[in-house]
Amino acid sequence: MRAARIPAASIWSARTPEQQLFPALRWLRAEHGIRRWCVIGNDYVWPRETARATKEFAARTDIEIVGESYIPLGGRNFRSALDLIERSPAQGVLVFMVGADCAAFNEAFARAGLDEHRLRLSMMIGEDVLYAGGPESTHGLYTASGYFESVVSAESMDFGARYLRRFGAFAPALNNIGESCYEGMLLFAALAETARSLDLRAIESRSAGVSYGGPRGEVRVRGAHTTQPVYLAGADALDFDVLAELTS
C-alpha cells in the first residue's frame, strides 16, 4: 500500500469547542452562575481561534467575554494579564495555555489571590500541569476532556491496568493528552483497515460510520470528527475529579 500524507483537516479524534468547551461553559453557568469570563492564552493560532469561536458562541447566549490577554510561548511575565483579570468584572478565566506555561500561570494566579473569587476553565491541561504547578495552584480549576484516568468504566480501567503492567508504578501519569495520542493511532488504524489502504482518497471515501473500541468506549466517525463522551472535571489538589458527562 502506498502511504499518503494526511492533512490536519481530514478527520480528527480531538474534541471541538462545540463538543468540549461550550458545554463546559453552559455547565458552569448552570451550576455556579459563571457568566462573565476573561480569556488568557498563549499567543498563537489555537488560543486566538478558540477565543474567536467562544466570542461567537457567547453572542448567542448570556455569557460575556470581558477581556483578553495573550502571552508569548515560554513567557513568564503575567503581570498585565493578572491586572486585567483583577480589574475586570470576570467571574471566571478561560485559560488557553499549554504545558509549563499553563502551570506557571496557575501558580501566579494563585499567588495573586485571584483563585479566591474566580474559577478557571483550562482546555489543554493534564495531571502533569497540576504536578508542575503544585496543589496550591489548583483551587477552582476545571477542565473538560473525553478521557480522565478517574473515569469509572470497563474500558478506561482496562486501559489503566494495561499501562501499569507495561510501564510500571513509576511511569508518567496517564493523562488525557497522552491518551488522546493513543486514540489518534486507534482511529488511524480503524480508518486504514476499513479502507484497506493508506491512500487519503480511499480513507475519506470509506470513513463514514467507521468505529473502534478504546479507553473511551466506542468512538464513531461523523463527518470530519468523532463522537465520544466528554466529561467535566474539577482539580482536587493533584487529581481530577469527574463531576459530569457533558452533552453538546
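Everything here concerns the structure above.
(A) Quick peek at the sheet that holds strand E7 (residues 217-222). The strand order across the open sheet formed by 3 strands is E6-E7-E8, and the pairing between neighbours is antiparallel. In this open sheet, the two edge strands, each paired with only one partner strand, are strand E6 (211-214) and strand E8 (225-227). Strand-to-strand, the axes of this sheet are offset by a mean angle of 35°, without reference to chain direction. Two elements, E7 and E8, share 3 bridges in a ladder whose sense is antiparallel. Across the sheet, Arg220 pairs through a bridge with Thr227, a residue of E8. Against the sheet, helix H7 (residues 176-195) makes contact with E6, E7 and E8, and its axis sits at roughly 145° relative to E6, the strand it touches most.

(B) Focus on the nonpolar core. With 29 residues, the main nonpolar core has Ile40, Phe78, Ile85, Met97 and Phe105 as its most contacted residues. Secondary-structure elements contributing two or more residues to this core are strand E1 (36-42), helix H3 (79-87), strand E3 (92-96), helix H4 (99-111), helix H5 (127-133) and strand E9 (230-236). Ignoring sequence-local partners within four residues, the contact set of Phe105 consists of Ile40, Phe78, Leu82, Ile85, Val95 and Met97. Of all hydrophobic cores here, the second largest spans 26 residues; its members include Leu21, Phe22, Phe57 and Leu94.

The rules behind each value
Residues numbered from 1 in each chain as written. Predicted model: local features only at pLDDT ≥ 70, side-chain atom pairs only at ≥ 80, totals over all residues. Heavy atoms only, no water. Pairing = 2+ DSSP bridges. Helix = DSSP H or I, 4+ residues; strand = E, 2+ residues; numbered from the N terminus. Axes fitted to C-alpha atoms, helices over the stretch in contact; angles between N-to-C directions. Contact = heavy atoms within 4.5 Å. Core = buried A, V, L, I, M, F, W, Y, C linked by side-chain atoms within 4.5 Å. Buried < 20%, exposed > 50% of the residue type's maximum accessible area, 1.4 Å probe, protein only.

Any functional reading would require information beyond the geometric quantities listed.
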